[in-house]
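# Observations on chain architecture
Single-letter residue listing:
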Amino acid sequence: MSLEHRRKIPGKWWLRAVAILLLLLVPVLISGQKPMTATMVADSETGTKVMVLNYHKIDNTFISLAVRPDDFDEQMRYLRDNGYHTISPDELYDSIAGNGELPENPVLITFDDGYEDNYTNAYPILKKYGFKATIFVITSFLGKDKNYLTWDQAREMDAHGISIESHTVDHKSMTDLTDEQLRMELVDSKKKAEKELGHSVDYMAYPTGTYNLHIAEMVKEAGYKAAFTIKYGNVDKASNIYALERVPIFHTEDTRKDFLERIRYTPIFERFGWTKN
């Protein structure tokens, strides 16, 4: 093919080049990933996969953690229109333990920190679509900082399908703490939330996503049933119950496109063992 002819159809030329490059790189990418064990592969292939979405703020501030309300509404509408069914942490836990059945296309919607806009902006949209959700709250911030929920708001949501769970007392990176400090962050936040809500609080999310096996064991000792990380991927029976995967959702230059890509491609990544480790 002459250079002159290539210039006439640049799209086709580059499309072929990219396709060939991808074909060459796929074996390299697969071989470079940490292999899953036989048990993990079997559980991942036969069990129900649950996408756990991870949000923070729902408002119009220009930071990556703040998904705009209009975008959030569109994302929830997409989930409804495409047959997703929201679940609670208890439903997820029971399914992993083999004690419960999940609906088709289950999704657990979570928020970290407990920002006030979770009540003013996210909650009305969730009610609009009849969706459940979970908010992991920093217990010392609630009712003290105007940017965060009040306990009255938390109780109202908790009574209407929005589970309120622990995100520790002060949101400190847990790998920087002593065992005594860790125990305080885990136990005191659980007790505070239980006192305010009037029922057991059984789940927590690691602040900043930092944890290790020792910290996970302390979470178990503190009485939690499960814990959530920011490790990317879907939850299934191959998951560590004290290191459950989530799919983070951010505000980006093209929030809609990025949301759809995460929803659609995460199962494909997991099929090749690219996200479990």
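Structure shown above.
Below, the structure is looked at part by part. (Residues numbered from 1 in each chain as written. Predicted model: local features only at pLDDT ≥ 70, side-chain atom pairs only at ≥ 80, totals over all residues. Heavy atoms only, no water.)

## Focus on the packing of aromatic side chains
Working definition: an aromatic ring pair is given by the centre-to-centre distance plus the angle between the planes. Applying the stated rule across the entire model yields 11 aromatic pairs. Ring plane angle 65 degrees and centroid distance 6.5 Å describe the contact between Y93 and Y203, whose orientation is recorded as edge-to-face. On the criterion of sequence distance, the pair formed by Y93 in helix α5 (residues 89-96) and Y203 in strand β8 (residues 203-205) is long-range, its members being 110 residues apart. The exposure class assigned to Y203 is buried, which follows from its relative accessible area of 2%. Seen in terms of ring centroids, F141 and Y148 are 5.0 Å apart; in terms of plane orientation they differ by 70 degrees. Their pairing is edge-to-face. With a relative accessible area of 24%, F141 lands in the partly exposed category. If you follow K190 out to its NZ or CZ, it ends over the ring of Y224, 5.8 Å from the centre. (Phe/Tyr/Trp six-rings, centres within 6.5 Å; stacked < 30°, edge-to-face > 60°. Helix = DSSP H or I, 4+ residues; strand = E, 2+ residues; numbered from the N terminus. Buried < 20%, exposed > 50% of the residue type's maximum accessible area, 1.4 Å probe, protein only. Lys NZ or Arg CZ within 6 Å of the ring centre and 35° of its normal.)

## With respect to the pattern of salt bridges
Taken as a whole and judged by the stated rule, the model has 16 salt bridges. Linking D73 and R77 is a salt bridge whose minimum nitrogen-to-oxygen distance equals 3.1 Å. A residue pair is termed a helical-turn pair when its members lie 3 or 4 positions apart in one helix, as D73 and R77 do in helix α4 (residues 69-81) at four residues. For D73, a relative accessible area of 13% puts it in the buried group. Its salt-bridge partner being K257, residue E261 comes within 2.8 Å of it at the nearest N-O pair. In this pair, E261 and K257 are both assigned in helix α10 (residues 255-271), four residues apart and thus about one turn of the helix distant. Assessed through its relative accessible area of 42%, K257 is described here as partly exposed. Overlapping salt bridges, with partners in common, bring together D152, R155, K192 and E196 in one network. (Salt bridge = Lys/Arg side-chain N within 4 Å of Asp/Glu carboxyl O.)

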